[in-house]
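Listed below, chain by chain, are the residues.
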Amino acid sequence: SNLNSYKQGDYYVVPNVGQLIVKSNYENATYDTNEVTTKVPIPEPNKFNISLTKVSSNSTCTSGNDNYSLEGAVYGVYSDEACRNQVGTITTDATGKGAISNLVAGKYWVKEVTPSKGYTLDPAKYPIDATKAAEGQTYSVSSKEVPIMDPGDVILKKVDSNTNGTMEDQGTME
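Notes on the structure follow.

What counts and how
- Residues numbered from 1 in each chain as written.
- Predicted model: local features only at pLDDT ≥ 70, side-chain atom pairs only at ≥ 80, totals over all residues.
- Heavy atoms only, no water.
- Pairing = 2+ DSSP bridges.
- Helix = DSSP H or I, 4+ residues; strand = E, 2+ residues; numbered from the N terminus.
- Axes fitted to C-alpha atoms, helices over the stretch in contact; angles between N-to-C directions.
- Salt bridge = Lys/Arg side-chain N within 4 Å of Asp/Glu carboxyl O.
- Buried < 20%, exposed > 50% of the residue type's maximum accessible area, 1.4 Å probe, protein only.
- Phe/Tyr/Trp six-rings, centres within 6.5 Å; stacked < 30°, edge-to-face > 60°.
- Contact = heavy atoms within 4.5 Å.

In sheet architecture, strand pairing relies on hydrogen bonds along the backbone and comes in two forms, parallel and antiparallel. Sheet architecture is open: four strands sit in the order β8-β7-β10-β11, paired in antiparallel fashion. Every other strand in the sheet has two partners, leaving β8 (86–91) and β11 (125–129) as the edge strands with one partner each. Across the sheet, the mean angle separating the axes of adjacent strands is 25° when strand polarity is ignored. Relative to β11, strand β10 (residues 107–114) runs antiparallel, the two being bridged by five bridges. Each bridged residue has a counterpart across the sheet, and for Val 110 the counterpart in β11 is Tyr 126.

Attention now goes to the pattern of salt bridges. Within this structure, the stated rule accounts for two salt bridges. Where Glu 112 meets Lys 54, a salt bridge forms, and the shortest distance between an N and an O atom there is 3.4 Å. Of this pair, Glu 112 sits in strand β10 while Lys 54 sits in strand β6 (residues 47–56); the two residues are 58 residues apart in sequence, bridging distant segments of the chain. Of the residues examined, Glu 112 reaches a relative accessible area of 2% and is grouped as buried. Measuring nitrogen to oxygen at the nearest pair gives 4.0 Å for the salt bridge that ties Glu 145 to Lys 54. Residue Glu 145 is found in strand β12 (residues 138–145), and its partner Lys 54 is found in strand β6; the two are separated by 91 residues along the sequence. Lys 54 matches Glu 145 in its accessibility class, with the two residues each being buried. Via salt bridges that share partners, Lys 54, Glu 112 and Glu 145 belong to a single interconnected network.

To continue, consider the packing of aromatic side chains. Any two aromatic rings considered together are summarised by their centre-to-centre distance and by the angle between their planes. One pass over the full model with this rule turns up three aromatic pairs. Taking 5.5 Å as the distance between ring centres and 55° as the angle between the ring planes, the aromatic pair formed by Phe 48 and Tyr 108 counts as tilted. One end of the pair, Phe 48, is in strand β6; the other, Tyr 108, is in strand β10, with 60 residues separating them in the sequence. For the pair formed by Phe 48 and Tyr 108, the shared burial category is buried. Plain terms: the ring middles of Tyr 68 and Tyr 119 are 5.8 Å apart, the flat faces sit at 65° to each other, and that makes the pair edge-to-face. Here Tyr 119 lies in the loop between β10 and β11 and Tyr 68 lies in the loop between α1 (59–62) and β7 (74–78), a separation of 51 residues in the sequence. Residue classification places Tyr 68 among the buried residues on the basis of a relative accessible area of 8%. Using a relative accessible area of 4% as the deciding quantity, one classes Tyr 119 as buried. Ring-pair connections join several aromatic residues into one group, and the members of that group are Phe 48, Tyr 108 and Tyr 139.

As a further point, take the side chain of Thr 62. When you line up the elements, Thr 62 lands in helix α1. Setting aside chain neighbours within four positions, we find Thr 62 in contact with Ser 56, Tyr 68, Tyr 119 and Pro 147.

Ordered in space as β9-β6-β12, the three strands form an open sheet in which the pairing is mixed. Two strands lie at the open edges of the sheet, namely β9 (97–104) and β12, each paired on one side alone. Sheet twist, expressed as the mean angle between neighbouring strand axes with direction ignored, is 20°.

Let us look at the pairing of β7. When you tally the buried positions in β7, you get five out of five residues, the bulk of the element. Covered by surrounding structure in β7 are Val 74, Gly 76 and Tyr 78 together with Tyr 75 and Val 77, the residues of both alternating faces. Two strands pair when backbone bridges link them, and β7 and β10 are joined in this way by five bridges, in the antiparallel orientation. Paired with Val 77 across the strands is Val 110, a residue of β10.

This is the structure we're talking about:
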């Protein structure tokens, strides 16, 4: 039978059907035990962690370039593959690392919801099957991000066509 049908709050009440045999110097008897129940505590599910690392797919372009930052990317952690039931977030630090702790063992998906400065939104969903997670176990996710090429601002300079000099503070450009 289904053990959940015996659930009583934070424990199961399990009927014991069988026989109790007592043999001693004073008694040799068999008793039916179908009236006896046992309280069995419901085990707490294991908790686990997710560690995320975001790296640039083009570090030649992004390394040391102030137009790019691995800090501030936000990833949603979801309990469904469609990524609709968000159970937490991971935000990356300046090194591209972030984490979430104390998730209940199960299946999860990690998906970027906000890219960091200078990067495109990562469309990938990263599945994590932690159904058999050991207590405190850490699962790792690595995300290789594509930088937006030339994310710099456009700089316009108004030049006097007669002198080729700049026309600072001499009106507005429309």
